[in-house]
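Here's the letter readout for the chains.
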Amino acid sequence: MMPEERIEEVELATDPSVVRRDRLLGAIFADDPESCLIQHGPVVSHVVTTSAPPQILLLPTRDRDAMDRLPKLLAQIVASTQQAPVPMHVAAVGGGPEIVNALRRASSSEAAATKLGFHHVDDASRYAHVAGPKLALLERASEQIRATEPPTPERLEEALVKGRILAQRDRRAVSRLRAGTPVTVGIIAVCAVLGMLTLLWRQSMGTTQALVALGATSGHAVKSGDVWRIFASAFLHASPMHFLMNMVALWSLGVMLEPILGSRRFLVLYGLSGLGGALATTLLGSGQWSVGASGAIWGLMTAVLAIVLFPRGVLPPLFITRLKQGAWRPLVPNILISFFPGVDYLAHFGGGIVGFLATALLLGRGLKPVEERIDEGDVEPRPRPLLSLASMIVGAAMLASIGAGVALGGPWAMKNPPAMTRTSLPGLGLSVEMPAPLAKMAGKEDRDGLQVLTFGDLDASPVLVEIIAVDLEPAPLAEQLDAFVEEMRVAADKTAPDKAVRLDKARIETVGARKAVLVEHEMPIGGESFTLRTYFVVVGSRELIVRGYARKGRRPEGWKAIEEKVVASFEER
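Quick summary incoming for the structure in this document. Computed from a prediction, not measured in an experiment: that's the story for all the values here.

Examining the packing of aromatic side chains
Here's step 1: Scanning the entire structure with this criterion turns up 4 aromatic pairs.
Here's step 2: Measuring from centroid to centroid gives 6.1 Å for Tyr345 and Phe349, while their planes differ by 65°, and the two rings are edge-to-face. Of this pair, Tyr345 and Phe349 are both found in helix α16 (residues 345–363), 4 residues apart, which corresponds to roughly one turn of the helix.
Here's step 3: Its relative accessible area of 24% is what places Phe349 among the partly exposed residues.
Here's step 4: An aromatic cluster of at least three residues, connected via ring pairs, comprises Trp298, Tyr345 and Phe349.
Here's step 5: Over the face of the ring belonging to Phe29 we find Arg155, whose NZ or CZ atom lies 4.1 Å from the ring centre.

Some words on the pairing of strand β14 (residues 514–525)
Here's step 1: Pairing geometry for strand β12 (residues 501–502) and β14, over 2 bridges, is antiparallel. Bridged to Val501 within β14 is Glu522.
Here's step 2: The pairing of strand β13 (residues 507–511) with β14 spans 5 bridges and is classified as antiparallel. Within β14, the residue paired with Val511 across the bridge is Arg514.

Regarding helix α8 (residues 207–214)
Here's step 1: Counting buried residues along α8, 6 of its 8 residues qualify, which places the element largely inside the surrounding structure.
Here's step 2: Burial in α8 covers these residues: Gln209, Ala210, Leu211, Val212, Ala213 and Leu214.
Here's step 3: Next to the buried residues of α8 lie α7 (182–205), α10 (229–232) and α17 (385–409).
Here's step 4: Just downstream of α8 lies Gly215, where phi reads positive at about 140°.

Focus on the sheet that holds strand β6 (residues 127–131)
Here's step 1: Across the sheet, which stays open at both edges, the 6 strands sit in the order β1-β2-β3-β4-β5-β6 with mixed pairing between neighbours. Since the sheet does not close on itself, it has two edges, and those belong to β1 (35–40) and β6, each with one partner. Adjacent strand axes in the sheet meet at a mean angle of 25°, parallel and antiparallel pairs treated alike.
Here's step 2: The pairing of strand β5 (residues 116–121) with β6 spans 4 bridges and is antiparallel. Following the sheet pairing, His119 is matched in β6 by His129.

Some words on the pattern of salt bridges
Here's step 1: Applying the stated criterion across every chain yields a total of 34 salt bridges.
Here's step 2: Of the charged contacts in the structure, one is a salt bridge between Lys162 and Glu34, with a shortest N-O distance of 3.4 Å. In this pair, Lys162 sits in helix α6 (residues 153–176) while Glu34 sits in the loop between α1 (16–31) and β1, placing the two residues 128 residues apart along the sequence.
Here's step 3: The class of Lys162 is partly exposed, set by a relative accessible area of 29%.
Here's step 4: The exposure class assigned to Glu34 is partly exposed, which follows from its relative accessible area of 35%.
Here's step 5: A salt bridge links Arg489 to Glu486; the nearest nitrogen and oxygen atoms lie 2.7 Å apart. With a gap of 3 residues between them, Arg489 and Glu486 both fall in helix α19 (residues 481–494), about one helical turn apart.

Describing the sheet that holds strand β7 (residues 420–425)
Here's step 1: Ordered in space as β7-β8-β17, the 3 strands form an open sheet in which the pairing is antiparallel. What marks the edges here is a single partner per strand, and that holds for β7 and β17 (571–572).
Here's step 2: With 6 bridges connecting them, β7 and strand β8 (residues 430–435) associate as antiparallel partners. Across the sheet, the residue bridging to Arg422 is Glu433, located in β8.

Here's the deal with a nonpolar patch on the surface
Here's step 1: The grouping of Met241, Leu244, Met245 and Val248 at the surface amounts to a nonpolar patch, some 420 Å² of accessible area in total.
Here's step 2: Note that Val248 resides in helix α11 (residues 240–261).

Concerning the environment of Ser204
Here's step 1: Locating Ser204 in the fold gives a position in helix α7.
Here's step 2: Judged by relative accessible area, Ser204 falls into the partly exposed class, the value being 36%.
Here's step 3: Through-space distance from the C-alpha of Ser204 to that of Arg551 is 9.9 Å; in sequence the pair is 347 residues apart.
Here's step 4: In this structure Ser204 touches Pro411 and Arg554, once residues within four positions along its chain are discounted.

Basis of the calculations
- Residues numbered from 1 in each chain as written.
- Predicted model: local features only at pLDDT ≥ 70, side-chain atom pairs only at ≥ 80, totals over all residues.
- Heavy atoms only, no water.
- Phe/Tyr/Trp six-rings, centres within 6.5 Å; stacked < 30°, edge-to-face > 60°.
- Helix = DSSP H or I, 4+ residues; strand = E, 2+ residues; numbered from the N terminus.
- Buried < 20%, exposed > 50% of the residue type's maximum accessible area, 1.4 Å probe, protein only.
- Lys NZ or Arg CZ within 6 Å of the ring centre and 35° of its normal.
- Pairing = 2+ DSSP bridges.
- Contact = heavy atoms within 4.5 Å.
- Axes fitted to C-alpha atoms, helices over the stretch in contact; angles between N-to-C directions.
- Salt bridge = Lys/Arg side-chain N within 4 Å of Asp/Glu carboxyl O.
- Patch = residues over 30% accessible without salt bridge, like charges linked within 9 Å, V, L, I, M, F, W, Y side chains within 5 Å.
- Areas by Shrake-Rupley, 256 points an atom, 1.4 Å probe, with all protein chains shown as cover.

From the geometry alone we can't say anything about function, so treat these as descriptive.
Right, dumping it as structure tokens:
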């Protein structure tokens, strides 16, 4: 039974259950002066309030109603809750155990269990919560039934007129919010296109590497100059399920928020929230790669909270009370999910904080009340050129970032050799030419007492390069160098990394101005097969071991000779 815009003629009733219902109504008015009526008559009183979320249906009942009339009425009410935006509370006033049983039977349906609270006030004016959500207002009011008189006809008329006005305003607002959502649809479309590119590119380079190529963000990459990744990462997803969950959330929030804020403000909100989430994980995170629209979606979710807490007359009172009911519910499960393994909680909280502040301080201001708007473009009382400029800048930045990922990271980009940059090797007094993408992902670790320098990421890079330095005491003299290289070749044939299978015998090659030993292996890592190319070379008083890891059959054309370039470029500083 949904709110209706009508005023029924109220007759003075002598039925005890009707009188008791009216006394309960008077107690509700006394407890919550903001309460008003959508409908009032001998069969039902429909109470709404702007100070709290619930809608209350007060039903005068007698024991004989439990057999036929009440079950039919309750069935209509339960059916209506499937489209109802907020929970309802049904209070049967009058009767005894049979009425309670009828309420319990009605509460057993799935729709009723989540959205309907069932209550009973018996013939002795004793209150009982039967099923579903509780309502303190009803419990307090029921305690005052005997001490409260029914509302006067004037008070009822006032409540009905107020309720009619609220319902009309609410209905107008709802009709104005059925506008188009071009930004929401556009964002989903872009995410879908990038998702298909990810699926296509992963065939040749793997999922993680495809995401990194398209714009996954990390502290190392952004601080090394790939600023475009901050926006691009908000349009990428690690799996089809990740994409589906985020797009469902984006659609459910976008179809409400975009008509309220207007497309320009909504675009700015999404962009700033995504930026906040990406910056949080970039500046405060552990350096791992991160993708997903979750940070931006958290900004949309907290924007709803900002509108509820600072409504500023944009939405009518009944609409705000409905938002209050649902705005807080997603927070607890989403906070818990944020700490699951593999979930980037920094992106979530960063986007959420920015979205809330942006809406509360800027984007939620200067809006025309929704019920007064003429069309979907009529969201502000006067033109705001700065807002238009901001939306164009945010939109251009997002498109440019997405374009950069597609242009720079596509398989075609891997056909050409990568740009090389000279990089210092800490603690060794050496420098080396390293592919620029790998140089941005430099690391250092100790392994079996040896310092191991790593360049790249096993999942995200076409090739991962390791450099291991072994001090030679004494260092071989120039005339001893050929013999030492031969010893390295013999040793390389006899030793191999754990679980590695040698593909061919070690051989001596001239790389640049130096002789080096090359040996190739195949080895399993994380359930995948990798090829390992290892060079042994003497530079000064050290033996340098250069290893290049690449997925079997997935080394790009332009990266086939990377290890040789690295070995040929060693220089002493």
